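Listed below, chain by chain, are the residues.
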Amino acid sequence: MARPGTEELRRRNRAALLEQLHRHGPQTRAELTEALGLNRSTIATIATDLAESGHIQETTGRSTGSAGRPSTLVECVPKAESVAAVEIRADRVRFALFGLGGEVLERAESPLLTGVEGPAAAEAAAALVGGSGAEAVAAVPGLVDAGAVAHSTELGWTGRDVAADLAAATSREWRVVDTATAAAVGEWSRGDAHDATRLLYLHGGRGLTAGLVVEGRAQRGGSIQLGHIVVEPGGLACACGLRGCLEAEMEAFGYAEDIESATAAAGMGDAAARDGLRRSGEDLGRALGAVVTATGPDEILFGGWLRELYLSAAAPVRSALAETTLPHLRSRLRLRTPVLGEEGPLIGAAETGFAALIDRMR
Ligand SMILES: [Zn+2]
């Protein structure tokens with residue numbers, strides 16, 4: 001008779017092996033043995049289990065050693081498990097179905113009318129997704145908490161229960177994360193930010209949002225309304241009702257429409273464009289000081305049009321941040337730009353689904 005806990009241990013080991021292959025790609029049994037800290041016979045047992053359930057396969061892969069003898073690689077079967085990821089934007093819905101290991105199995109998008117309401121956006125997503133994927137995850141720009149969008153400048157939504165809209169349109173459960181958080185998860189898991197323990201991703205769209213992930217995982221309360229941090233008390237009126245919000249002071253909408261013209265003009269020596277970028281950089285750095293003090297990230301990524309702004313105005317961003325952040329918080333802080341571009345939010349939404357899916361196997 002099996003010892004109590006043996007089956008549970010075996011289940012956990014299976015999940016760990018699958019997670020390892022999903023995250024890091026094909027590996028030899030010897031590499032898996034080392035990475036997971038399990039012995040060879042345990043790896044052999046769980047590899048057999050996972051091959052029988054259709055999750056992994058063994059193939060003759062790359063050559064190793066001086067003899068050039070090809071080694072046997074263990075890899076995920078992409079179609080064994082899949083996650084449907086959707087990104088809702090102001091002008092369209094993007095969809096991709098990701099297989100185990102991160103391969104894109106299907107991709108589609110459809111346009112949205114300006115000012116679209118939640119239920120109509122959910123119908124558009126439903127038409128793309130259908131019943132595909134064991135998990136369905138949507139990335140939505142704005143302040144998201146427990147599946148609902150509290151506020152989205154980008155979409156013009158306030159207090160919209162997007163998870164409920166999507167569930168009604170598709171008769172299935174959805175996870176909803178904000179676009180910045182999804183992009184952070186994407187950059188951590190498939191980009192270049194894996195070393196960050198607390199990763200803050202800034203998303204520049206028609207509004208400005210930020211997402212904090214810890215060890216690559218979305219956190220309740222990690223969705224941050226960067227655009228509505230007041231940087232100029234009594235300043236310009238913001239659509240949210242406050243005055244002097246970062247979004248209003250930077251005239252985010254204009255940059256979202258055409259950041260390239262501003263950076264190109266500044267590059268050609270246009271004094272007004274240079275001055276505008278410098279002031280925007282200072283405002284951003286000041287708002288970031290508050291966010292860094294509150295959340296203590298070790299890495300910040302500038303995404304969306306904030307990438308172009310940061311590349312053109314890194315010095316004012318850094319100096320304003322330095323003036324508003326405690327030395328011990330900024331000494332460990334890295335400022336960078338993301339590497340996944342437009343794909344980041346979709347990849348991160350999918351990885352959020354895979355994390356849940358693999359957790360269920362444990
Ligand atoms: Zn505001």
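Treat the numbers as computed from the prediction; the structure is a model and nothing was measured.

1. What to know about the sheet that holds strand β9 (residues 148-152)
Right, on to step 1. Strand order in the open sheet formed by three strands is β8-β9-β10, and the pairing between neighbours is antiparallel. What marks the edges here is a single partner per strand, and that holds for β8 (143-145) and β10 (157-160). Strand-to-strand twist across the sheet, computed as the mean angle between neighbouring axes with direction ignored, equals 20°.
Right, on to step 2. Judged from the three bridges that link them, β9 and β10 form a sheet pairing that is antiparallel. Residue pairing in the sheet places Val149 in a bridge with Arg160 of β10.

2. Brief notes about the packing of aromatic side chains
Right, on to step 1. This structure, assessed with the given rule, holds two aromatic pairs.
Right, on to step 2. Aromatic pair Tyr255 and Trp305: ring centres 5.1 Å apart, planes at 35°, arrangement tilted. Of this pair, Tyr255 sits in helix α8 (residues 252-267) while Trp305 sits in the loop between β15 (299-304) and α10 (306-312), placing them 50 residues apart in sequence.
Right, on to step 3. On the basis of relative accessible area, Trp305 is assigned to the buried category, the value being 6%.
Right, on to step 4. For the pair Phe302 and Tyr310, a centre-to-centre distance of 4.1 Å together with 10° between the ring planes defines the contact as stacked. In this pair, the class of Phe302 matches that of Tyr310, namely buried.

3. Digging into the domain arrangement of the chain
Right, on to step 1. With domains assigned, the chain is organised as domain 1 (6-76), domain 2 (81-178 + 346-361) and domain 3 (192-338).
Right, on to step 2. The C-alpha centroid of domain 2 is placed 32 Å from the C-alpha centroid of domain 1.
Right, on to step 3. Contacts between the two partners involve seven residues from domain 1, matched on the other side by nine residues from domain 2.
Right, on to step 4. The interface formed by domain 1 and domain 2 contains zero salt bridges.
Right, on to step 5. Where domain 1 meets domain 2, there are three residue pairs in polar contact (both at pLDDT 80 or more).
Right, on to step 6. Tallying contributions element by element places helix α1 (residues 6-24) first for the side of domain 1 that touches domain 2, with five residues.
Right, on to step 7. Grouping the amino acids of the side of domain 1 that touches domain 2 by side-chain chemistry returns three nonpolar, two polar and two charged.

4. Some remarks on the pattern of salt bridges
Proximity of charged atoms lets side chains of opposite charge pair with each other.
Right, on to step 1. For the structure on display, the rule yields 29 salt bridges.
Right, on to step 2. Across the pair Arg278 and Asp275 runs a salt bridge, and its minimum N-O distance is 2.4 Å. Of this pair, Arg278 and Asp275 both sit in helix α9 (residues 271-295), three residues apart, which is roughly one turn of the helix.
Right, on to step 3. Note on Asp275: relative accessible area 29%, which makes it partly exposed.
Right, on to step 4. Between Arg334 and Glu299 there is a salt bridge, with its nearest N and O atoms 2.7 Å apart. With a gap of 35 residues between them, Arg334 in strand β16 (residues 334-336) and Glu299 in strand β15 connect regions that are remote in the sequence.
Right, on to step 5. Connected through shared salt-bridge partners, Glu87, Arg89, Asp91, Arg92, Arg94, Arg107, Glu109, Glu342 and Glu343 make up one network.

5. Some words on the coordination of the zinc ion
Right, on to step 1. Of the protein atoms, only His228 (ND1), Cys238 (SG), Cys240 (SG) and Cys245 (SG) coordinate the zinc ion, at distances of 2.0 to 2.3 Å.
Right, on to step 2. Look at where the donors of the zinc ion fall in the sequence and you get H-x9-C-x1-C-x4-C. In this pair, His228 sits in the loop between β14 (217-224) and α7 (246-249) while Cys245 sits in the loop between β14 and α7, placing the two residues 17 residues apart along the sequence.
Right, on to step 3. Judged by its relative accessible area of 15%, His228 is buried.
Right, on to step 4. When its relative accessible area of 0% is taken as the criterion, Cys245 is described as buried.

Calculation notes
- Residues numbered from 1 in each chain as written.
- Predicted model: local features only at pLDDT ≥ 70, side-chain atom pairs only at ≥ 80, totals over all residues.
- Heavy atoms only, no water.
- Pairing = 2+ DSSP bridges.
- Helix = DSSP H or I, 4+ residues; strand = E, 2+ residues; numbered from the N terminus.
- Axes fitted to C-alpha atoms, helices over the stretch in contact; angles between N-to-C directions.
- Phe/Tyr/Trp six-rings, centres within 6.5 Å; stacked < 30°, edge-to-face > 60°.
- Buried < 20%, exposed > 50% of the residue type's maximum accessible area, 1.4 Å probe, protein only.
- Domains from an automatic or database assignment.
- Contact = heavy atoms within 4.5 Å.
- Salt bridge = Lys/Arg side-chain N within 4 Å of Asp/Glu carboxyl O.
- Polar contact = N/O pair within 3.5 Å; in protein donor to acceptor, adjacent residues only side chain to side chain.
- Nonpolar A, V, L, I, M, F, W, Y, C, P; charged D, E, K, R; others polar.
- Donors = N, O, S within 2.8 Å, 3.2 Å for Na, K, Ca; no water.

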